[in-house]
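So you can see what is in the structure, the chains are spelled out below.
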Amino acid sequence: MTNWWRDAVVYQVYVRSFADGDGDGIGDLAGIRERLPHLVSLGVDAVWLTPFYPSPMADGGYDVADYRDVDPTFGTLADFDALLARAHELGLRVLVDVVPNHTSDQHEWFAAALAAAPGDPARDRYLFRDGRGERGELPPNDWESVFGGPAWTRVADGQWYLHLFDPRQPDLNWRNPQVRADFREVLAFWLDRGVDGFRIDVAHGMIKHPELPDTGLDEQISLLGHGELPYFDQDEVHEIYRDWRQLFDSYRGERIGVAEAWASTSERLARYVRPDELHQAFNFALLEAPWSAPDFRRVVVESLATTAEVGATTTWVLGNHDVQRPVTRYGDGDLGSRRARAAALFSFALPGSVYVYQGEELGLPEVLDLPDDVRQDPIWTRSGGTDPGRDGCRVPMPWSGDAPPFGFSSGESWLPLPEEWKTATVAEQESSGDSVLRTYRDALALRRAIPALGDGELEWVDTPEGVLAFRRGPDFVCATNFGTEPVALELPGELLCRSDAATGWNGVLPGSTAVWLGKIHEESA
Ligand code: GLC
């Protein structure tokens, strides 16, 4: 056993937007395969691929019509096998995304459910109910869709079905044994092909309160990850993961499950990574924390304590395909860029595993000014155009060249890349000594070389207000200045890495900057 996941650096590839191999303007599996060397030189351990299964793409592929195939837009099963084989040759593990909470409305099961009469077993794979009101004209309860509006849609014969997301994503009934059995086969299908594990979408959602009670709340979505809701994080969901864990453990190699779970407290989140359940759960607390020393410290202390209690490590996440990019979240422009780079160094030095969302290593900001007619996120349409949704963090990767789409595709990209990204391309940043990409590569190489980094203990060092410093082992310190003014620090060690473009270390840490100090032992270098 290597327990590789305990301190793995995992890179999230948003398949549509990473690299386009066939020139149709949409990223695909062949494109990813060609670009794997970028991930090797970045120094990550594993890649998580967002869904690439056949899908009408009502929610960027998180609406799956067939869990055992590849959508033609992204390639074929043979392309998947080739990608997996190449990744393994290069020493990269591969996680695929599974979407068990809901299917697409184009899934054969949903077609069968619609064709069947109320009460038919075909309907029981989903959550169909009669409506309220005299003629059943009102939804069965007051649940809200995460994407806005009611979580119920009525079908021709008058019944309603539940969809916690878009109406084109009907929720499965996980109390139905057929659903459970079929999903086990889906997991086995990918395990047999050799995947190293799964990112589990909406892992907290599969079991709903059996009585489907009203919440009695006017506004439910702000409680996501903060409060209790009868459709999320129900105790019974853990039975499913105990069962899946047995399946994972029955395979050779260490296959893992990573929960995308939103729980009301970090204690409840830690329940997903108990020894007989999943290996990791995304810890979104750092991503949600404002840029401030006390907030970051509180999150670190709490996250480490709650996962340690169940014997797991935590995961550090600054961004993904669902949230505004860190550069923009931390204030945009130069300030946001400095903070995002410092936050990356801070998180890479912490105990546990790290997730990097594609483009973070280039310091990409959120694209805020996409034209309305190219936006594809259902949040945009379901909010009546009041919420721009998540397309701004899904703009394709800039690889090289002087003009959009900067080597992403030989055709026109599905979302336009901003002209300004000319200076942000991988090629451009490779040739510049002080680029974000260089910082990421240096830091991740050091993380591998220094045994005290990754899994293990952390010890806080006393520092002036606004600065956080922690020690890992006797010879390594990470210090981060959350303020805007420089602070003089008395810390031992030589400069290993710093998040700003400066060189050398004179004992003064500029604002919005992180620094790694220490010494590398000969034998570990
Ligand atoms: C997860 C995904 C998100 C998707 C939703 C519904 O939160 O990360 O992109 O829209 O689940 O599947």
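Residues numbered from 1 in each chain as written. Predicted model: local features only at pLDDT ≥ 70, side-chain atom pairs only at ≥ 80, totals over all residues. Heavy atoms only, no water.

**With respect to the site of the ligand**
For step 1, the next point in the chain: In the vicinity of the ligand, 14 residues are found, and the nearest of them are Asp59, His102, Asp201, Glu260 and Asp322.
For step 2, the next point in the chain: At a separation of 2.7 Å, an oxygen atom of the ligand approaches a polar side-chain atom of Glu260.
For step 3, the next point in the chain: Between His321 and the ligand, the recorded distance is 2.9 Å, taken from a side-chain N or O atom to an oxygen atom.
For step 4, the next point in the chain: The pocket occupied by the ligand, as judged from atoms lying within 2 Å of grid points, is the largest pocket.
For step 5, the next point in the chain: Grouping the constituent residues of the shell around the ligand by class yields four nonpolar, three polar and seven charged. (Near = heavy atom within 4 Å. Polar contact = N/O pair within 3.5 Å; in protein donor to acceptor, adjacent residues only side chain to side chain. 1 Å grid on protein atoms, 1.4 Å probe; cavity = no way out; pocket = protein on both sides within 12 Å on 5 of 7 lines; lining within 4 Å. Sits in = over half its atoms within 2 Å of the grid points. Nonpolar A, V, L, I, M, F, W, Y, C, P; charged D, E, K, R; others polar.)

**So, the side chain of Ser347**
For step 1, the next point in the chain: Along the chain, Ser347 falls in helix H10 (residues 333-349).
For step 2, the next point in the chain: Non-local contacts of Ser347, meaning those with residues more than four positions away in its chain, are made with Leu286, Trp316, Leu318, Val354 and Arg447. (Helix = DSSP H or I, 4+ residues; strand = E, 2+ residues; numbered from the N terminus. Contact = heavy atoms within 4.5 Å.)

**Concerning the pairing of strand S3 (residues 93-98)**
For step 1, the next point in the chain: Within S3, five of the six residues are buried, which leaves the element mostly enclosed by the surrounding structure.
For step 2, the next point in the chain: Direction of pairing for strand S2 (residues 46-49) relative to S3: parallel, over a ladder of four bridges. Pairing of Leu49 across the sheet is with Val96, part of S3.
For step 3, the next point in the chain: At this point the chain moves from S2, through helix H2 (residues 77-89), to the parallel S3, and the crossover so formed is right-handed.
For step 4, the next point in the chain: Across four bridges, the pairing between S3 and strand S7 (residues 197-200) is parallel. The residue of S7 that forms the bridge with Leu95 is Gly197. (Buried < 20%, exposed > 50% of the residue type's maximum accessible area, 1.4 Å probe, protein only. Pairing = 2+ DSSP bridges. Right-handed = clockwise from strand over helix to strand, strands pointing away.)

**Things to note about the packing of aromatic side chains**
For step 1, the next point in the chain: Tallying each qualifying case throughout the model produces 37 aromatic pairs.
For step 2, the next point in the chain: Pairing Tyr231 with Phe232 gives two aromatic rings, centres 5.0 Å apart and planes at 70°, and the pair type is edge-to-face. No difference in accessibility class separates Tyr231 from Phe232, as the two residues are buried.
For step 3, the next point in the chain: Three or more aromatic residues joined by ring pairs make a cluster, and in this case those are Trp291, Phe296, Tyr330, Phe346, Trp460, Phe470 and Phe482.
For step 4, the next point in the chain: A cation sits over an aromatic face here: Arg16 above Trp414, 4.6 Å from the ring centre.
For step 5, the next point in the chain: Over the ring of Tyr330 we find Arg329, and its NZ or CZ is 5.2 Å from the ring centre. (Phe/Tyr/Trp six-rings, centres within 6.5 Å; stacked < 30°, edge-to-face > 60°. Lys NZ or Arg CZ within 6 Å of the ring centre and 35° of its normal.)

**Observations regarding the UniProt feature "domain: Glycosyl hydrolase family 13 catalytic" (unreviewed entry) in the protein**
For step 1, the next point in the chain: When the UniProt feature table is mapped onto this chain, "domain: Glycosyl hydrolase family 13 catalytic" (unreviewed entry) is found at residues 12-394.
For step 2, the next point in the chain: Counted over residues 12-394, helix gives 31% and strand 10%. Its end C-alpha atoms are 12 Å apart. (UniProt positions renumbered as here; feature names shortened; annotations may be inferred.)

**Digging into the pairing of strand S11 (residues 353-357)**
Each regular strand displays side chains that alternate between the two surfaces of the sheet.
For step 1, the next point in the chain: With five of five residues buried, S11 lies mostly within the body of the structure.
For step 2, the next point in the chain: Side chains Ser353, Tyr355 and Tyr357 of S11 all project onto a buried face; the interleaved residues Val354 and Val356 project onto the opposite face, where all are buried too.
For step 3, the next point in the chain: Sheet topology places strand S1 (residues 9-13) next to S11; four bridges connect them, and they run parallel. Paired with Val9 across the strands is Val354, a residue of S11.

**Let's talk about unusual backbone geometry**
For step 1, the next point in the chain: In the segment running from Pro404 into Pro405, the intervening peptide bond is cis, with an omega of 0°.
For step 2, the next point in the chain: Residue Phe406 is not a glycine yet carries a positive backbone phi of 45°.
For step 3, the next point in the chain: Within the secondary structure layout, Phe406 lies in the loop between helix H11 (378-382) and helix H12 (426-430).
For step 4, the next point in the chain: Judged by relative accessible area, which is 0%, Phe406 ranks as buried.

**Some words on the sheet that holds strand S13 (residues 467-472)**
For step 1, the next point in the chain: Taken in spatial order, the five strands line up as S12-S13-S14-S18-S16 in an open sheet, and their pairing is antiparallel. The open sheet is flanked by strand S12 (459-461) and strand S16 (494-498), the only strands paired with a single partner. The average undirected angle you get between the axes of adjacent strands in this sheet is 25°.
For step 2, the next point in the chain: Bridge analysis of S16 against strand S18 (residues 513-518) gives four bridges, and the strand direction is antiparallel. (Axes fitted to C-alpha atoms, helices over the stretch in contact; angles between N-to-C directions.)

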